[in-house]
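# Observations on the three-dimensional arrangement
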Amino acid sequence: MAGGLRLFLTVPPSTCCTAIHGTEKVQRVYSRVNGRYTIRAATAPGQGGGVLDRPTIDKPTPGRESEFDLKKKKKTSPPYRVMLHNDNFNKREYVVQVLMKAIPGMTVDVAVNVMNEAHINGLAVVIVCPQEDAEDYCMQLRTNGLLSSIEPASC
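Residues numbered from 1 in each chain as written. Predicted model: local features only at pLDDT ≥ 70, side-chain atom pairs only at ≥ 80, totals over all residues. Heavy atoms only, no water.

## Comments concerning helix α3 (residues 108-121)
The end-to-end C-alpha separation of α3 is 20 Å, in line with the 20 Å expected for 14 residues at 1.5 Å each. Listing the buried residues of α3 in full gives Ala111, Val114, Met115 and Ala118. Looking down the long axis of α3, one finds its buried residues gathered within 95 degrees of arc, a one-sided arrangement. Turned more than 90 degrees from where α3 packs its buried face, Asp109, Asn113, Ile120 and Asn121 sit exposed. Buried residues along α3 sit against β4 (79-85), α2 (92-102) and β5 (123-130). Of the residues one or two after α3, Gly122 is the one with positive phi, at around 90 degrees. (Helix = DSSP H or I, 4+ residues; strand = E, 2+ residues; numbered from the N terminus. Expected span 1.5 Å × (residues − 1). Buried < 20%, exposed > 50% of the residue type's maximum accessible area, 1.4 Å probe, protein only. Arc of directions from axis to C-beta. Contact = heavy atoms within 4.5 Å.)

Spelled out as C-alpha cells, the structure:
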C-alpha cells in the first residue's frame, strides 16, 4: 500500500463500549494526505481488509494563494549594467586580472574583449545583473583601482 500506514490494535473489552466482545483485533488504516495521517477506514473483526475512502485534496480558497504560488511571484530587481571606464593608469593585463577576479564566470577571452572595448571606446559593459550584484561588482572593481559605474539596463 503506497503512502499508507497500517496499525493493528488489541482492544481490551473494558475500554471499548462498542459491539466488540473479548480481546479482538481491530485494524485501522491510516492514510497520509497533505502531510497528515488520518483514519480512513476501520474493519470489524473477521471481515478482512477495509476499503479506503478517496482522499480529499485541500484546495486553496479563491483569492488566497498557496506557498508555491508565492514563490513564483517573487519580484526580481531590475537589471543593471556594470560599466568599465578607460583610464591611463592601469596596464591592460592588470585590468584583465581584476575583471576575472571580481566577476564570477568571467573568462580570459571575455575579459580581454571588455578591456579592449573600454580602451578603444572609453567605456565597456562588463556584466548585466540585478542592482545589488551590480553594486557589489562595481565596488570590487573600484577597490582594485579600476574606474567603474552602474546604470539601469533599460536605457
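Picking up where we left off.
## Some remarks on the pattern of salt bridges
On inspection of all chains with the given rule, the structure shows one salt bridge. With a shortest N-O distance of 3.3 Å, Glu151 and Arg81 are connected by a salt bridge. Here Glu151 is found in strand β6 (residues 147-152), whereas its partner Arg81 is found in strand β4, with 70 residues between them in sequence. (Salt bridge = Lys/Arg side-chain N within 4 Å of Asp/Glu carboxyl O.)

## Some words on α2
Regarding α2, the residues found buried are Val95, Val96, Val98, Leu99 and Ala102. Around the axis of α2, the buried residues are gathered within 165 degrees of arc, so they sit on the same side. Pointing more than 90 degrees away from the buried face of α2 are the exposed residues Glu93, Gln97 and Lys101.

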